[in-house]
Amino acid sequence: MVSKFTSDHHHVIRTQLFLILGTAFFLISFVYCLTILYTQKLMKDDAISSTQTTLSLYMENIDTQLQQTSSFLSSYVLSHDFSNLSSSSEKVVQDAKLEICRDFQTYIKSYNNTDALFFFDADHDTFLLYSLSRESYSFRQKISDHFQEVLSCKSSSPVPVFQYWVPIAIDDEMVLYEIIQYQNFFVGSWRYLPYLSKPLHELQNFTQGVIFFLFSNPDNQDDTFFEVLPDVRLADASDYGSPNILITADSSSGDFSLGLSLVPQNILKSLTHYFLYACAILILIFLVALIVLTLVWRQIITPAETLTAGMNALKNGEQSVTLPVSKWKNEFSVLTEQFNDMSHELYRLKVQIYEDQLKKADTELQYLNLQIKPHFFLNSLNIIYNLALTQNYKEILEMSRCLMNYFRYTFRSSDSLVPISDEVEHLKNYLHIQELRYDSNFNTLIDISEEALSCKIPVLFLQTFIENIIKHAYSKMQNMQITLNIQVEEENLRIEISDNGCGFSEDMLEQLNKPLGPGPYPTEHIGILNVRRRLSYLYGSKARLIFSNTIEYGGAKITAFLPMHLPDSSIMPKTKKEAQDESFTCR
């Protein structure tokens, strides 16, 4: 695997290669996208223009039919004599009505450009209708009733009044109608919209759009209605607006338009094959670039990065680095072999120095461990001496027993770490010794989680701080309270030791929380400094020791964060064989 030390190195060759290939691929993709967009625009404009022309032709055809009907209505109302409808003879009136119906029938069968012709005499309330029955009977009856009701309210006009083709909707069915009035006579026609729109079905299917008739709403100029194919129904204009393409053709015969709503994706369907071919070419170019990149990577970049990784590993203190030699015989394989020879020679020269440093560190750690024991031993002899002066033999016996347990614990082995459960039992024995010494009971609160009892901490770690509390705080107060709390937080042990004494001064807190530097021990706070040095040797930077004062009582508070396991980089004794096994290999 590649060494972790390459992460901080700037791979100039790789960066430049990626930059060149990335720029070339970006330019090709950019030109490709521009071509696609330009082609789409041309096809879109061409489709819109072609559809606009076709739609206009359909509109012209409809207008031609409507204009023919309009011409017939105009000539009929102006040239025909309707006076016989006012005759007192019923036979004359019936003949006049039959003549009008025959004229309507003859025109519709001859030209087939309208669905119905009707006549209305407002004075005599006479309504005549001839229809091809393309609409339903109920709809035809309703629209006839509607015209009679509306037209009967109009006043007589001495000149012809033309109402050109406008829509009317009854029960969601629509017709286009035109009415010409002269005096109190009305002649009109209607086109049934579903039938009128049938020729548009072919255009709608071809364009895969939606064709509709667009009318202005006379009640509200802002509203528009659509007559939509193939199921003729009313709809809102917003249903066919953006993002669709809306094409319209205005009628010259009435106040309506013919519209076509196109989906842009349907227009560009023919571009799909071109798009696929272009994508295939682009992918082929990309694959060729990958092949070239792979060859360059194997021949140049990988060997260069491997050598860089090995040099960084040696620079960062690795004992031995072995690089794989490429099977391609070139300048890089020669450099790699020479690097491996140099790395092995450096390792051979460093092994002895490395072992000497480990032995020196181990010796100093054992010294710091033992330095605490004489410190307490002198205090213990002083206690027994004072008890002997008072001839308190019972307490001398109890004190001797406690001291025997104490020194059995401290001298039982040379282990640096002990379980917390053993350390706590030893701490209780130590506190009992202090109670015998001061003839007093300490108020000690111990809270340790079950998970933490089996974890290991440095030997005499807790006693050092408890000893300082008794030494500096107990002599100044009577109601001494000591609190010990040990909990597991993620992968660390959180150890809190506090009292209700006067606490640390500001100068002392600053000195104790200052990072531990190299050099001999100072003459003050030797116990705490020993603990800090031991933590540094055992855990390195993974351990933290924080000195503060409690908020509740103002007493001293020591908080320690210790890893539950020794770090791999801890300075522990190693044999020459173990040191050799630590050589690193970059792959």
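The structure we're discussing is the one just above.
Nothing here was measured: the structure is a model prediction, and the numbers come from that model.

Caption draft 1: Representation of the sheet that holds strand S16 (residues 492-499) in the model. Taking strand neighbours across the sheet as the criterion, the five strands line up as S13-S15-S16-S18-S17 in an open arrangement whose pairing is mixed. Each end of this open sheet is capped by a strand with a single partner; those strands are strand S13 (443-448) and strand S17 (544-549). The mean inter-strand angle of the sheet, taken between neighbouring strand axes irrespective of direction, is 10°. Against the sheet, helix H10 (residues 420-438) touches S13, strand S15 (481-489) and S16, its axis set at about 175° to S13. Sheet contacts for helix H12 (residues 461-472): S15, S16, S17 and strand S18 (556-563); angle to S16, the most-contacted strand, approximately 15°.

Caption draft 2: How the structure looks around the packing of helix H9 (residues 393-410) against H10. In contact at an axis separation of 10 Å, H9 and H10 are set at 150° when each is read in the N-to-C sense. Regarding the angle of H9 to H10, the classification is roughly antiparallel. The two elements H9 and H10 meet at a crossing, and its hand is left-handed. Contact with H9, carried on its side by Glu395, Glu398, Met399, Arg401, Cys402, Leu403, Asn405, Tyr406, Tyr409 and Thr410, involves Asp422, Glu423, His426, Asn429, Tyr430, His432, Ile433 and Leu436 of H10 and no other residues of that element. The residue makeup of the contact of H9 with H10, split by class, is eight nonpolar, five polar and five charged.

Caption draft 3: Structural context of the nonpolar core. Counting residues in each nonpolar core, the largest one holds 57 residues, and the members touching the most others are Phe461, Leu462 and Ile495. Contact partners of Leu462, with chain neighbours within four places excluded, come to Glu423, Val424, Leu427, Ile457, Leu484, Ile486, Ile495 and Ile497.

Caption draft 4: View of the packing of aromatic side chains. This structure, assessed with the given rule, holds 23 aromatic pairs. Between Phe162 and Tyr164, the ring centres sit 6.1 Å apart and the planes meet at 10°, which makes this aromatic pair stacked. By relative accessible area, which is 34% here, Phe162 ends up partly exposed. A residue is classified by how much of its surface remains accessible, and Tyr164, at 46% relative accessible area, is partly exposed. Taking the centre distance of 5.3 Å and the plane angle of 75° together, the rings of Phe461 and Phe465 count as edge-to-face. Remark: Phe465 and Phe461 occur in helix H12; sequence separation between them is four residues, near one turn of the helix. Grouping aromatic residues by their ring pairs yields a cluster made of Phe72, Tyr76, Phe82, Phe104, Tyr107, Tyr111, Phe119 and Phe185. In this structure, Arg544 is placed above the aromatic ring of Phe561, and the distance from its NZ or CZ to the ring centre is 4.4 Å.

Caption draft 5: Fine view of helix H2 (residues 90-111). Along its 22 residues, H2 runs 32 Å from first to last C-alpha, staying within 8% of the 32 Å computed at 1.5 Å per residue. Note on H2: the residue one or two positions beyond its end, Asn112, has a positive phi of about 55°.

Caption draft 6: Structural view of the pattern of salt bridges. Taken as a whole, this structure holds nine salt bridges when the rule is applied. For the salt bridge of Lys91 with Asp95, the shortest nitrogen-to-oxygen distance reads 3.2 Å. With Lys91 and Asp95 both in helix H2 and four residues apart, this pair spans about one turn of that helix. Judged by relative accessible area, Asp95 falls into the partly exposed class, the value being 35%. Ionic pairing is found between Glu425 and Lys428, a salt bridge with its closest N-O pair at 4.0 Å.

Rules behind the numbers
- Position numbers for residues start from 1 in each chain and track the written sequence from start to end.
- Given that this is a predicted model, residues contribute local features only at a pLDDT of at least 70 and side-chain atom pairs are listed and counted only at 80 or more, while totals for whole chains, interfaces and linings are drawn from all residues.
- Working from all heavy atoms in the structure, the side-chain values ignore hydrogens and water.
- Paired strands are those between which DSSP finds at least two bridges.
- The numbering of helices and of strands both runs from the N terminus, where a helix is a DSSP run of H or I of at least 4 residues and a strand a run of E of at least 2.
- The angle between two axes is taken between their N-to-C directions and runs from 0 to 180 degrees, where each axis is a line fitted to C-alpha atoms and a helix contributes only its stretch in contact.
- Only heavy atoms enter the contact rule, under which two residues are in contact if any of them lie within 4.5 Å.
- Reported orientations rely on four angle classes, namely roughly parallel under 35 degrees, roughly antiparallel over 145, roughly perpendicular from 65 to 115, and oblique for the rest.
- Two helices crossing with the near one rotated counterclockwise from the far one by less than a right angle form a left-handed crossing, whereas a clockwise rotation gives a right-handed crossing.
- All residues other than Ala, Val, Leu, Ile, Met, Phe, Trp, Tyr, Cys, Pro, Asp, Glu, Lys and Arg, Gly among them, are scored as polar; the first ten of these are nonpolar and the last four charged.
- Take the buried Ala, Val, Leu, Ile, Met, Phe, Trp, Tyr and Cys residues and link them wherever side-chain atoms come within 4.5 Å; each set so joined is a nonpolar core.
- Residue burial is assigned from relative accessible area. The probe radius is 1.4 Å, only protein chains are included, and a residue is buried under 20% of its type maximum, exposed over 50%, and partly exposed in between.
- Stacked, tilted and edge-to-face are the three classes applied to pairs of Phe, Tyr and Trp rings, where Trp contributes its six-membered ring and a pair requires centres within 6.5 Å; stacked means planes under 30 degrees apart, edge-to-face means over 60, and tilted covers the rest.
- By definition here, charges over rings are those cases where NZ of Lys or CZ of Arg is within 6 Å of the ring centre and within 35 degrees of the ring normal.
- The span one expects for a helix is its residue count, reduced by one, times 1.5 Å.
- Salt bridge, as used here: a side-chain nitrogen of Lys or Arg that lies within 4 Å of a carboxyl oxygen of Asp or Glu.

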